[in-house]
Amino acid sequence: MTDALTQSERDSDLAPLLANGWHMVDGRDAIHKQFVFRNFIEAFGFMTKVALWAEKWNHHPEWSNVYKTVEVTLTTHDAGGLSALDTKLGAKMDALAGG
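In this text, all values refer to a predicted model and were calculated from it rather than measured experimentally.

Criteria and cut-off values
Residues numbered from 1 in each chain as written. Predicted model: local features only at pLDDT ≥ 70, side-chain atom pairs only at ≥ 80, totals over all residues. Heavy atoms only, no water. Buried < 20%, exposed > 50% of the residue type's maximum accessible area, 1.4 Å probe, protein only. Helix = DSSP H or I, 4+ residues; strand = E, 2+ residues; numbered from the N terminus. Pairing = 2+ DSSP bridges. Contact = heavy atoms within 4.5 Å. Core = buried A, V, L, I, M, F, W, Y, C linked by side-chain atoms within 4.5 Å.

Now for the pairing of strand E4 (residues 69-74). Buried residues dominate E4, accounting for 5 of its 6 residues. In this sheet, E4 lies alongside strand E2 (residues 31-36) in antiparallel orientation, the contact comprising 6 bridges. Of the residues in E4, the one forming a bridge with Gln34 is Glu71. When strand E3 (residues 62-66) meets E4, the two strands line up antiparallel, connected through 5 bridges. By the bridge assignment for E4, Glu62 is matched with Thr73.

Structure, rendered in structure tokens:
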């Protein structure tokens, strides 16, 4: 089982994601971000790249895709909220999206 983030981890690992466009989800210990690409192919390509990392790390996002927009919510159900897996996957998503 993965542990929820400590306050120290929230300060060091979650803060940079929040500064890069992620935001806390109301009523949940989860983060959300909208990624917008130039077209559907880029959005789907991004999802494919993320899926490979998510499977490798056994941590899968809540997400949806409409045309060129990918909506993502990250939380760790086993931990009852945010864990290091969420900050790790969020940072990977930002890197794969180009920022």
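Having seen the structure, we can now continue with the description.
Here we come to the side chain of Thr76. For Thr76, the location among the structural elements is in the loop between E4 and helix H3 (84-97). Taking relative accessible area as the criterion, Thr76 reaches 5% and is therefore assigned buried.

Moving on, we come to the environment of Val25. With respect to the element layout, Val25 can be found in the loop between strand E1 (23-24) and E2. Relative accessible area serves as the criterion here: at 21%, Val25 is assigned to the partly exposed category. Sequence-wise, Val25 and Ala15 are 10 residues apart; in three dimensions their C-alpha atoms are separated by 14 Å. Setting aside its immediate chain neighbours within four residues, Val25 contacts Ala30, Ile31, His32 and Thr73.

This part is about the nonpolar core. Core analysis: the biggest nonpolar cluster contains 19 residues, and Trp22, Phe35, Phe46, Val70 and Met93 have the highest contact counts within it. Where this core is concerned, the elements lending two or more residues are helix H1 (7-19), E2, helix H2 (40-57), E4 and H3. The element contributing the most residues to this core is H2, with 6 residues. Discounting residues that sit within four places of it in the chain, Phe46 has contacts with Phe35, Phe37, Val70, Met93, Leu96 and Ala97.

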